[in-house]
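# Descriptive analysis of the structure
Take a look at the letters that make up each chain.
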Amino acid sequence: MADVLRVCALYPDLMNIYADRGNLSLLRKRCEWRGIRFELSGSGLGDALDPEAHDLFYIGGGQDRDQRLCAADLVERKREGLHAAAARGAVVLGVCGGYQLLGHSYTLGSEEIAGVGLLDVRTTREPGPRLIGNVAIEVALDGAVGERQVLAGFENHGGRTRLGAEGQPLGRVLKGWGNDGRSGQEGAISAGTIGTYLHGPLLPKNVWFADWLIARALGIAVTDLAQLDDALEQQTHMSALRAAGV
Ligand code: GLN
């Protein structure tokens, strides 16, 4: 059984909004409670990215200004490494702005910000209000315990994301806006690469999903992870669902 989870936070200072960093604290705790060592490193502007050195890459949300800065660096310095990491089975998780950057592009008026293209999605800032509120989605993930699961969180994005021909949504919107407020789709998934608009932070509100990510990154089954007492976490999950009106 793997005894260490090696996590790389991409742009931890710039891409961190609505407590997205809490996702990293949650991963750390759930690993340490099980005796799995947790190694966290950051990769910021100008840093190279070693595809072999990490099991899970994480990028949180950000303001358009910070996102623009990171996008250029991500494409120039980290694109190849991220693709290589994903190809060898590493998990890549992007939240909101991070999700947008995992797609092909984020277009703001006449400006097109290129992403790394790990997910077949494109995002556009169209006229219209920001999509804000509590959100719940139903997902069906390979290897998750139970056939269908629900993720609850909070979204706040101006961008509208649409899937390309190869794109698979992460889930179906139960409440909230999702990718574009219209399609009924939320997020995107391609093997171990996942993008979602759900802040909250996402993982403390949905610990089953954190465990799914940990197991996938370690190359083991969720059922191989030691069971934890999740009574409090379950309450948090339920109140997040209630907040979304589910
Ligand atoms: N800047 C992006 C948007 O508004 C992402 C925002 C975020 O990460 N919350 O669409």
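Since the structure is predicted, the reported quantities are computational estimates derived from the model, not experimental observations.

This brings us to the layout of surface pockets. Computed from the structure, the largest pocket encloses a volume of approximately 390 Å³. When contributions to the lining of the largest pocket are tallied by element, the ones reaching two or more residues are helix 5 (207–218) and helix 6 (231–244). Per element, the largest residue contribution to the lining of the largest pocket is four residues, and it comes from helix 5. Of the residues that constitute the lining of the largest pocket, the class distribution is nine nonpolar, six polar and six charged. When its volume is computed, the second largest pocket comes out at roughly 190 Å³.

Our next topic: the sheet that holds strand 10 (residues 160–163). Read across the sheet, four strands follow the order 6-5-7-10 without closing on themselves; strand pairing throughout is mixed. Each end of this open sheet is capped by a strand with a single partner; those strands are strand 6 (111–114) and strand 10. Ignoring strand direction, the axes of neighbouring strands in this sheet form an average angle of 20 degrees. Where strand 7 (residues 121–125) and strand 10 come together, four bridges link them in antiparallel fashion. Pairing of Val121 across the sheet is with Leu163, part of strand 10. Across the sheet, helix 2 (residues 64–87) touches strand 5 (105–108) and strand 6, and the angle it forms with strand 6 is around 50 degrees.

Taking 1.5 Å per residue as the helical rise, helix 6 with its 14 residues ought to reach 20 Å, and the 20 Å between its terminal C-alpha atoms agrees with that figure. What helix 6 keeps buried is the set Glu233, His237, Ala240, Leu241 and Ala244. Looking straight down helix 6, one finds its buried side chains confined to an arc of 100 degrees; they lie on one side. Exposed residues lying more than 90 degrees from the buried face of helix 6 are Leu232, Gln235 and Arg242. The inward-facing, buried residues of helix 6 abut helix 1 (22–32), strand 8 (131–139), strand 9 (149–157), strand 11 (171–175), helix 4 (202–205) and helix 5. One or two steps after helix 6, the chain reaches Gly245, where phi turns positive at roughly 85 degrees.

The next subject is the sheet that holds strand 14 (residues 193–196). The six strands lie next to each other as 2-1-3-4-14-13, forming an open sheet whose pairing is mixed. The strands lining the two open edges of the sheet, one partner per strand, are strand 2 (37–43) and strand 13 (188–190). Strand-to-strand, the axes of this sheet are offset by a mean angle of 15 degrees, without reference to chain direction. Contacting strand 1 (4–10), strand 2, strand 3 (56–59), strand 4 (91–95) and strand 14, helix 2 crosses the sheet at an angle of about 155 degrees to strand 1.

So, about the side chain of Asn179. By secondary structure assignment, the location of Asn179 is in the loop between strand 11 and strand 12 (185–186). Setting aside chain neighbours within four positions, we find Asn179 in contact with Tyr99, His157, Gly159, Arg160, Thr161, Leu163, Gln185, Glu186, Gly187 and Tyr197.

With that settled, consider unusual backbone geometry. The residue after Gly200, namely Pro201, is reached through a cis peptide bond having omega -5 degrees. Take Pro201: it is sitting in the loop between strand 14 and helix 4. For Tyr18, which is not glycine, the phi dihedral falls at a positive 50 degrees. Its relative accessible area of 35% is what places Tyr18 among the partly exposed residues. At Cys96, a position not held by glycine, the phi torsion is positive, near 55 degrees. Position of Cys96 among the secondary structure elements: in the loop between strand 4 and helix 3 (97–102).

Using the criterion set out here, one finds one cavity of 30 Å³ or more in the structure. Put simply, the largest cavity is a space of about 50 Å³. Put simply, the parts of the chain that give the lining of the largest cavity at least two residues each are strand 1 and strand 3. Considered class by class, the residues forming the lining of the largest cavity number seven nonpolar, two polar and two charged.

Criteria and cut-off values
Residues numbered from 1 in each chain as written. Predicted model: local features only at pLDDT ≥ 70, side-chain atom pairs only at ≥ 80, totals over all residues. Heavy atoms only, no water. 1 Å grid on protein atoms, 1.4 Å probe; cavity = no way out; pocket = protein on both sides within 12 Å on 5 of 7 lines; lining within 4 Å. Points joined across faces, edges and corners; volume = space filled by probe spheres on them. Helix = DSSP H or I, 4+ residues; strand = E, 2+ residues; numbered from the N terminus. Nonpolar A, V, L, I, M, F, W, Y, C, P; charged D, E, K, R; others polar. Pairing = 2+ DSSP bridges. Axes fitted to C-alpha atoms, helices over the stretch in contact; angles between N-to-C directions. Contact = heavy atoms within 4.5 Å. Expected span 1.5 Å × (residues − 1). Buried < 20%, exposed > 50% of the residue type's maximum accessible area, 1.4 Å probe, protein only. Arc of directions from axis to C-beta.

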